[in-house]
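# Descriptive structure summary
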Amino acid sequence: MHPDPVAVSLAACLAETVGRLWASPVRIEGLSRFHGGAARETWRFDAVSASRREPLVVRRDPAASLIDTSRAAEFHALARAHAAGIPAPEPLLLDADGSRLGAPGFLMREVPGGRAPGLFDPDPYGATRARTGREMFAALGWLHALVPTAEDQAALPVQDAAGRLAHWKADIARHARQPEPVTTAAIRWLEAHVPPPSGPPALVHGDFRSGNVLVDSEGAVLALLDWEMAHVGDPMEDLAWAMDPLWGHGMAGLVAATLPPEDAIAAWESASGRCVARESIAWWRLFAGVQGLAIWIASAAQARAGANPDPVLAFAGIYPYRFHNAEVARMMAEEAPWA
Amino acid sequence: MGLTLAESLAALALSQGALVAPALGESYAGKSAATIAALLAMLAADAASRPAREAAIASRLERLLSDAGIDCPPPEAPDRLPRLWAAFIDLHAGADVEDPALARACRLLLRDWTAGERLVPPLPPPDA
């Protein structure tokens, strides 16, 4: 097979970058790209010197991506979570301008021995699903228990419910190329019913779902991945996203294929010290659907533009787009407070 | 007669899933190939029913808009469906403010239309 020029170039960047970090010559072995995240390129590799071998991960911007976010912000969120003892990869080096890694990105230590389920994986956790669910929602609760510092607010977007809705509404306006009757109607209702904050602002992961949780064969949560959408905001956003049926692996009555909703909420409340704002759950559930639609509409725009050949972009613009279009329309036709 | 669009997509899905993806294994390229196979399979099923679904929703939109006294683009208009949707969006926005029964009818239309647009994920490959 012909060598991948992207991989060859990246390996050279990594050898130099890690070599400087370690102050010794380094060679790169086992460089391979993770599949599924068209928003960023994520590669694992072994960095090898005369005295050490370490499994590392590099995450950097591709030519075009799903979501316009900052690697520096992502690195900050990851470092903050890791330092606070939340299961997350250890961040090692930020290259904010891309001068070392070929594109803005960062290095982190690989978390071995785990797996995050694919979207279509049926019953991904099996007999250990309850343990995974308790640990997953406890980890999320620990994140939400942290008090955002001045450094957090300087490094991350600060967006309450109205701010997040405005962000996604603008994104949709930028990327939509056809009438979006479901999204338009949902945003209209959301704008008219923005809830008060559920509590003090929290560090919000922004993409907390089964596919971003690394789990071992015993059901233990090893790491929360993909912090690129992290921000300071309302933790209800993370709960609603995690509970969205798109990430439920088709298992009715369970959240993220793990626990019944009340058990997941209980694990989160115990760990976070917060209470779920039950009066605003409907708003955040609908918001989660609109957020999804915004991401999938942006993905469709990038697939259409053709700068990034990753088929995940086209996939996102087709399958989850139609899923969330149907889910949002169903909620608004069948459930209170809309129906 | 050659293959229809739906048949073409189904055939390509089979080739991609049976030949290309397995050859590339669990690599990034292999998983990308599997993603393409899954997409082709879903689009094949979608293509088979698309003309009927588009005709049905266009007809339902036209009835709703006509009942509300809104002129609809002629059947031969090339961008008829997007124009019908644009008119529907405006109708729905107004109904949300002043006509609960019409607003409910709009929501039911959206529910029924999007339910028919949903794609069925491909079955996971059988264990070897």
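Here the structure is a predicted model, which means the values were calculated and not measured. (Residues numbered from 1 in each chain as written. Chains lettered and ligands numbered in written order. Predicted model: local features only at pLDDT ≥ 70, side-chain atom pairs only at ≥ 80, totals over all residues. Heavy atoms only, no water.)

In this section: the overall build of chain A. Looking only at helices and strands, one finds 10 helices and nine strands in chain A. Against the 2.2 N^0.38 benchmark of 20 Å for 339 residues, chain A shows a C-alpha radius of gyration of 20 Å, consistent with a compact globule. Based on the C-alpha atoms only, the size of chain A along its principal axes is roughly 65 × 45 × 40 Å. Residues classed as buried in chain A amount to 57% of the 339 residues present. Once local pairs closer than 6 in sequence are excluded, the contacts in chain A between residues at least 24 apart make up 69%. Of the side-chain charges in chain A, 29 are positive and 39 negative, and the distance between the mean point of each set is 3 Å. (Helix = DSSP H or I, 4+ residues; strand = E, 2+ residues; numbered from the N terminus. Rg over C-alpha atoms; globule rule 2.2 N^0.38 Å. Buried < 20%, exposed > 50% of the residue type's maximum accessible area, 1.4 Å probe, protein only. Contact = heavy atoms within 4.5 Å. Lys, Arg positive; Asp, Glu negative; His and termini not counted. Charge placed at Lys NZ, Arg CZ, Asp CG, Glu CD.)

Here we take up the nonpolar core. All names here are of chain A. Within the largest apolar cluster, 98 residues are counted, with the highest numbers of intra-cluster contacts made by F137, W227 and L286. With 12 residues, helix α9 (residues 281-305) is the single largest residue contributor to this core. Apart from the residues lying within four places of it in its own chain, the contact partners of L286 are A186, W189, L190, V328, M331, M332 and W338. (Core = buried A, V, L, I, M, F, W, Y, C linked by side-chain atoms within 4.5 Å.)

The next point concerns helix α3 (residues 129-145) of chain A. Residues and elements named next belong to chain A. Spanning 17 residues, α3 covers 24 Å between terminal C-alpha atoms, matching the ideal 24 Å at 1.5 Å per step. Of all the positions in α3, only T132, G133, M136, F137, A138, A139, L140, G141, L143 and H144 are classed as buried. Contacts from the buried residues of α3 go to β6 (202-204), β7 (213-215), β8 (221-224), α7 (236-242) and α8 (261-272). (Expected span 1.5 Å × (residues − 1).)

Summed over the entire model, instances satisfying the criterion amount to 47 salt bridges over all chains. Here D112 of chain B and R111 of chain B are joined by a salt bridge, their closest N and O atoms 3.0 Å apart. Looking at D112 of chain B, the relative accessible area reads 31%, which means it is partly exposed. Members of the salt-bridge network, linked through shared partners, are R285, E327, R330, E334 and E335 of chain A together with R60, R111 and D112 of chain B. (Salt bridge = Lys/Arg side-chain N within 4 Å of Asp/Glu carboxyl O.)

Residues and elements named next belong to chain A. A complete count under the given rule lists 14 aromatic pairs over all chains for this structure. Aromatic pair F75 and F106: ring centres 5.6 Å apart, planes at 65°, arrangement edge-to-face. With F75 in helix α2 (residues 71-83) and F106 in strand β5 (residues 105-109), this pair connects stretches of sequence that are 31 residues apart. Each member of the pair F75 and F106 is classed as buried. Summarising the aromatic geometry, the rings of W247 and W296 are spaced 6.3 Å apart at their centres and angled 65° between planes, so their arrangement reads as edge-to-face. With W247 in the loop between α7 and α8 and W296 in helix α9, this pair connects stretches of sequence that are 49 residues apart. Assessed through its relative accessible area of 5%, W247 is described here as buried. Residue classification places W296 among the buried residues on the basis of a relative accessible area of 8%. (Phe/Tyr/Trp six-rings, centres within 6.5 Å; stacked < 30°, edge-to-face > 60°.)

So, about the sheet that holds strand β1 (residues 27-33) of chain A. Residues and elements named next belong to chain A. Strand order across the open sheet formed by five strands is β1-β2-β3-β5-β4, with antiparallel pairing between neighbours. Edge strands, defined here as strands with exactly one partner in the open sheet, are β1 and β4 (91-95). Averaged over all neighbouring strand pairs, the angle between strand axes comes to 25°, with direction disregarded. Sheet analysis places β1 next to strand β2 (residues 41-48), joined by five bridges and oriented antiparallel. Looking at β2, one finds that R27 is bridged to V48. (Pairing = 2+ DSSP bridges. Axes fitted to C-alpha atoms, helices over the stretch in contact; angles between N-to-C directions.)

This part is about the interface of chain A and chain B. Taken together, the contact between chain A and chain B spans 29 residues of the former and 33 residues of the latter. Each partner contributes to the roughly 2600 Å² buried at the junction of chain A and chain B, and carbon and sulfur atoms together form 72% of this total. Linking chain A to chain B there are four salt bridges. Its salt-bridge partner being R322 of chain A, residue D46 of chain B comes within 2.6 Å of it at the nearest N-O pair. For the side of chain A that touches chain B, the secondary structure elements donating two or more residues are α6 (181-192) and α10 (311-334) of chain A. (Buried area = accessible area lost by both parts, 1.4 Å probe.)

Next up on the list: the side chain of R80 of chain A. Residues and elements named next belong to chain A. Along the chain, R80 falls in helix α2. At a separation of 2.8 Å, a polar atom in the side chain of R80 contacts the side chain of D152. With residues near it in sequence (within four places) discarded, R80 still touches L146, V147, P148, T149, D152 and L203. (Polar contact = N/O pair within 3.5 Å; in protein donor to acceptor, adjacent residues only side chain to side chain.)

Quick look at the environment of T183 of chain A now. Residue and element names in this part refer to chain A. Note on placement: T183 falls in helix α6. Under the relative-accessibility criterion, T183 is labelled buried at 1%. Distance in space between the C-alpha atoms of T183 and V328 is 8.0 Å, their sequence separation being 145 residues. If we ignore the near neighbours within four places in the chain, the residues touching T183 are I172, L293, I297 and N325.

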